[in-house]
Amino acid sequence: MNLVIENLSKTYPNGTQALKNVSLEIPTGMFGLLGPNGAGKSSLMRTISTLQDADTGSIMLGDIDALKEKARVRQVLGYLPQEFGVYPRMSAYQMLDHFALLKGIKNNRERKEIVKALLHQTNLYQQRNIKLSNYSGGMKQRFGIAQALLGNPKLIIVDEPTAGLDPAERNRFHNLLSEIGENIIVILSTHIVEDVSNLCRNMAIIHKGELLLTGNPRQEIEAAKGKVWKKIIDKEALQEHQSKYNVVSSHMFDGQIIVKVFDENRPDASFDASEPDLEDVYFSHIKVKEQGMQQTSEGEETPPSDSTIQLEKSE
Ligand code: ADP
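Moving on: the nonpolar core. Judged by nonpolar contacts, the single largest core of 48 residues is most densely connected at F143 and I145. A per-element tally of this core places helix α3 (residues 92-102) first, with 6 residues. If near-sequence neighbours (up to four positions away) are discounted, I145 is found in contact with L80, T122, V158, F173, L176, L177 and I180. Counting 29 residues, the second largest nonpolar core, distinct from the first, contains L8, F31, L33 and V73.

Here is the structure:
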């Protein structure tokens with residue numbers, strides 16, 4: 001089953017155009033929806049999840065018209081939102097049992113089996129009687145997946161799931177997601193490039209409501225080979241490099257800065273070839289988009305893109 005999104009647009013009442021004619025096909029497996037904060041990821045996820053309407057366009061999940069047949073979508077959808085509210089006084093077991101009942105699993109014995117199986121799958125069975133308020137961030141996220149898996153969904157949406165998780169918890173969460181992604185569509189919405197390169201077979205980059213790229217992370221990295229160049233410079237030289245070269249990112253390293261430049265040819269002998277990664281692909285697309293926007297805003301002063309200055313690291 002595929003999720004097919006066509007020409008989806010959304011403008012909020014305050015005039016913010018959050019989605020601009022987005023078309024996207026998402027197959028079974030882990031799909032990364034990548035974009036900086038404010039790109040429109042949550043707007044897209046909420047629309048797919050039937051939590052808000054679009055102005056125009058269509059979303060088909062297999063034969064289900066997701067914008068019209070909301071009840072049918074909800075039957076096959078699991079959603080883990082950014083902020084996941086639970087009753088803190090309840091234990092994981094009690095809460096999941098409650099959610100299962102809400103999902104319509106009325107038979108007690110059946111519900112018990114399902115709840116137990118999900119707690120095992122998400123590695124929470126040992127801690128099933130602990131109150132959710134005493135769960136760590138990672139445990140809460142895994143509990144979120146357990147509730148999203150109730151009712152055998154065909155599509156799971158997880159919105160910025162690893163924010164605030166320590167590396168071990170993040171790793172455990174990733175393993176759980178990739179296990180799930182073997183059989184159903186899992187959309188991972190995130191601004192963390194590394195999560196997408198580690199986990200996703202397919203991805204899309206969205207920025208300011210527009211789709212910039214869809215593809216396979218490995219192929220996109222392959223296509224960037226021979227086009228990424230790096231150089232270590234002093235902090236003071238950053239601004240000069242940004243105005244002279246097509247700098248896509250800059251990392252602090254040992255008190256100095258490593259700048260990366262995207263260019264078909266080596267800019268000059270002071271640059272070394274750099275093995276591209278998904279972060280380079282991501283920032284080069286965002287840079288191209290922002291440059292295009294600067295050129296169209298006729299002479300308006302635009303501050304330099306902060307994507308070239310601060311890279312969000314997931315650790
Ligand atoms: P992301 O999830 O990628 O951070 P969002 O979809 O939350 O992006 O936001 C996209 C744009 O829409 C942003 O400019 C945001 O401020 C705006 N936005 C989001 N929700 C609303 C809302 N309910 N009303 C008005 N503007 C909104």
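Our next topic: the side chain of D195. Examined against the element boundaries, D195 turns out to sit in helix α7 (residues 193-199). Looking at D195, its side chain comes within polar contact range of the side chain of R170, at 2.8 Å. Setting aside its immediate chain neighbours within four residues, D195 contacts T162, R170, H174, L188 and T190.

A word on the sheet that holds strand β3 (residues 29-34). Strand order in the open sheet formed by 6 strands is β6-β7-β8-β3-β9-β10, with mixed pairing between adjacent strands. Each of the sheet's edge strands pairs with one partner strand only, and the pair in question is β6 (77-80) and β10 (210-215). Ignoring strand direction, the axes of neighbouring strands in this sheet form an average angle of 15°. Where β6 meets strand β7 (residues 155-159), 4 bridges bridge the pair, whose relative direction is parallel.

Our focus in this paragraph is the environment of F84. With respect to the element layout, F84 can be found in the loop between β6 and α3. The partly exposed category is assigned to F84, whose relative accessible area is 21%. In sequence terms F84 and S178 are 94 residues apart; their C-alpha atoms lie 21 Å from each other. Those residues within four positions of F84 in sequence are excluded, and the remaining contacts are F99, F143, G144 and Q147.

Here we come to the site of the ligand. Not every one of the 13 residues close to the ligand is listed here, only the nearest: G38, G40, K41, S42 and S43. Taking S42, its main chain carries an N or O atom lying 2.8 Å from an oxygen atom of the ligand. Residue S43 places a side-chain N or O atom 2.6 Å away from an oxygen atom belonging to the ligand. Taking 570 Å² as the accessible area of the ligand by itself, protein coverage stands at 64%.

This next bit is on the domain arrangement of the protein. Here the protein is partitioned into domain 1 (3-76 + 153-214), domain 2 (89-143) and domain 3 (221-304). Here the C-alpha centroids of domain 1 and domain 3 sit 28 Å apart. Taken together, the contact between domain 1 and domain 3 spans 13 residues of the former and 9 residues of the latter. Regarding the contact of domain 1 and domain 3, the summed buried area is about 1,000 Å², with carbon and sulfur atoms giving 79% of it. Contact with domain 3 buries surface across domain 1, with V193, H207 and L212 losing the most and accounting together for 42% of the total.

Quick look at the sheet that holds strand β5 (residues 64-65) now. Here 4 strands make up an open sheet; going across it, the order is β2-β1-β4-β5 and the pairing antiparallel. Of all strands in the sheet, those bounded by a partner on one side alone are β2 (17-26) and β5. By the bridge criterion, 2 bridges tie strand β4 (residues 56-61) to β5 in an arrangement that is antiparallel. Across the sheet, the residue bridging to L61 is I64, located in β5.

Next up on the list: the packing of aromatic side chains. The tally for this structure, following the rule as stated, stands at 2 aromatic pairs. Sitting over the ring of Y125, R128 keeps its end group 4.0 Å from the ring centre.

What follows concerns helix α10 (residues 278-296). Every α-helix winds through 3.6 residues per turn, so residues three or four apart in the chain are directed the same way. Between its first and last C-alpha, α10 extends 28 Å over 19 residues, near the 27 Å set by a 1.5 Å rise per residue. Listed as buried for α10 are L278, E279, D280, V281, Y282, F283, S284, I286, K287, K289 and E290. Where α10 starts, the residue carrying a side-chain oxygen 3.2 Å from the main-chain nitrogen of E279 turns out to be D277.

Rules of the game
Residues numbered from 1 in each chain as written. Predicted model: local features only at pLDDT ≥ 70, side-chain atom pairs only at ≥ 80, totals over all residues. Heavy atoms only, no water. Core = buried A, V, L, I, M, F, W, Y, C linked by side-chain atoms within 4.5 Å. Buried < 20%, exposed > 50% of the residue type's maximum accessible area, 1.4 Å probe, protein only. Helix = DSSP H or I, 4+ residues; strand = E, 2+ residues; numbered from the N terminus. Contact = heavy atoms within 4.5 Å. Polar contact = N/O pair within 3.5 Å; in protein donor to acceptor, adjacent residues only side chain to side chain. Pairing = 2+ DSSP bridges. Axes fitted to C-alpha atoms, helices over the stretch in contact; angles between N-to-C directions. Near = heavy atom within 4 Å. Areas by Shrake-Rupley, 256 points an atom, 1.4 Å probe, with all protein chains shown as cover. Domains from an automatic or database assignment. Buried area = accessible area lost by both parts, 1.4 Å probe. Phe/Tyr/Trp six-rings, centres within 6.5 Å; stacked < 30°, edge-to-face > 60°. Lys NZ or Arg CZ within 6 Å of the ring centre and 35° of its normal. Expected span 1.5 Å × (residues − 1).

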